[in-house]
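Structural overview
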Amino acid sequence: MVVLNMVLGDNKPRVFLLKKPVSTAVIGVLDLQGGVFEHLDHLQRLGITGIRVKELADFVNLAGLIIPGGESTCLSRLLHIYGEIREIIIQQFQRGMKIWGTCAGAILLARSVVGELSHLGLIDIEIERNTFGSQLGSFTSEAVIPSVSSQPVPLTFIRAPKITRVGKGVDVLLRMEDYIAAAESPDVLVTVFHPELTGCVAFHRYFAHKCGLELPDDTTAIDPTWNNKSWTRFTRIAYRTRQMRSRC
Ligand code: GLN
């Protein structure tokens, strides 16, 4: 990502992102807890280099960062323990790194969390955790989200939160019944559902564009070669199993 730091008339530094070919850009997935490999799988399907982000050095030159779904209390405790990771997320964000939070990731990014202290507070939304009840209140649905894809997008909600309010400068991408399911500011994308748990690559493409990546002109929303075990090719267990099979 080419970043130009410029000082304009009001003396405030502004960051300008120039389009960068997908072959040289990197999107990181925060690897503290949650669905990391599922996002890496989707990035790879689009030809994007995705990396697991665990240490300070991993943040160098990231065009964007995905904070995956998982459990926001656990993630926020880890961010508290590894305070330097929290600091560098904020620092890189201020330097132009875009961020997408899915579900628990969206909770971490919200400026206000109902009944709790907020965590990173990088987008002006209010979010309420576990508003559909227990894990048994998880469900799937489908919607057309015109800014993201002209085709219907499958939606998977897992003990999802609801976005209850968006502030100035935040656009609603998907409103459902009494809540908001996806929203964005110029620098942050939040979804309370999990595109990485479906064959839908439209949100990952949308985020890549937001990060300034130049992707081939392809508007296909669903990758038909995806299945719910695709992500296991990134895991050591899948690797070992393959090795064991080849030895037999
Ligand atoms: N219920 C979780 C929380 O409040 C979020 C669930 C998810 O990320 N799928 O943190």
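Each remark here, short or long, concerns the structure printed above.
In this report, the structure presented in the accompanying data block is examined. Here the residue numbers are simple positions, counted from 1 along each chain's written sequence. Whole-chain, interface and lining totals are the exception, using all residues; otherwise, since this is a predicted model, local features are given only for residues with pLDDT of at least 70 and side-chain atom pairs are given and counted only at 80 or more.

1. A closer look at the site of the ligand
Cut-off, in case you're wondering: Defining nearness, a residue is near a molecule or strand when the C-beta atom obtained from its backbone falls within 6 Å of it. Throughout, the ten residues Ala, Val, Leu, Ile, Met, Phe, Trp, Tyr, Cys and Pro are labelled nonpolar, Asp, Glu, Lys and Arg are labelled charged, and all others, Gly among them, are labelled polar.
Every residue near the ligand is listed here: Gly69, Gly70, Glu71, Ser72, Cys103, Ala104, Ile107, Arg129, Asn130, Ile158, Arg159 and Pro161. Class assignment for the residues of the shell around the ligand results in five nonpolar, four polar and three charged.

2. Remarks on the pairing of strand S4 (residues 26-30)
Here is the rule we go by: Once C-beta atoms are placed from the backbone, each residue is buried if 20 or more other C-beta atoms lie within 10 Å of its own, exposed if 12 or fewer, and partly exposed for counts between those two. Counting from the N terminus, the helices are DSSP H or I runs at least four residues long and the strands are E runs at least two residues long. For two strands to pair, DSSP has to find at least two bridges joining them.
The element S4 is largely enclosed, with a buried count of five among its five residues. Of the two faces of S4, the one carrying Val26, Gly28 and Leu30 and the one carrying Ile27 and Val29 are both buried. Relative to strand S5 (residues 49-53), S4 runs parallel, the two sharing five bridges. Residue pairing across strands places Val26 opposite Thr49, the latter belonging to S5. Alignment of S4 against strand S6 (residues 64-67), held across three bridges, turns out to be parallel. What sits directly across from Ile27, in S6, is Gly64.

3. A few points about the environment of Cys74
Residue placement: Cys74 occurs in helix H2 (residues 72-81). A tally of 13 C-beta atoms within 10 Å means that Cys74 is categorised as partly exposed. Sequence-wise, Cys74 and Leu32 are 42 residues apart; in three dimensions their C-alpha atoms are separated by 9.0 Å.

4. Notes on unusual backbone geometry
Comment: phi is negative for the bulk of residues other than glycine, and the bulk of peptide bonds are trans. Backbone geometry places Cys103, a non-glycine residue, at a positive phi of 55°. Within the element layout of this structure, Cys103 appears in the loop between strand S7 (98-102) and helix H4 (104-109). Residue Cys103 is classed as buried on the basis of its 30 C-beta neighbours within 10 Å. One non-glycine residue, Asn130, lies in the positive phi region at around 50°. Looking at where Asn130 falls in the secondary structure, it is placed in the loop between strand S9 (123-128) and strand S10 (139-143).

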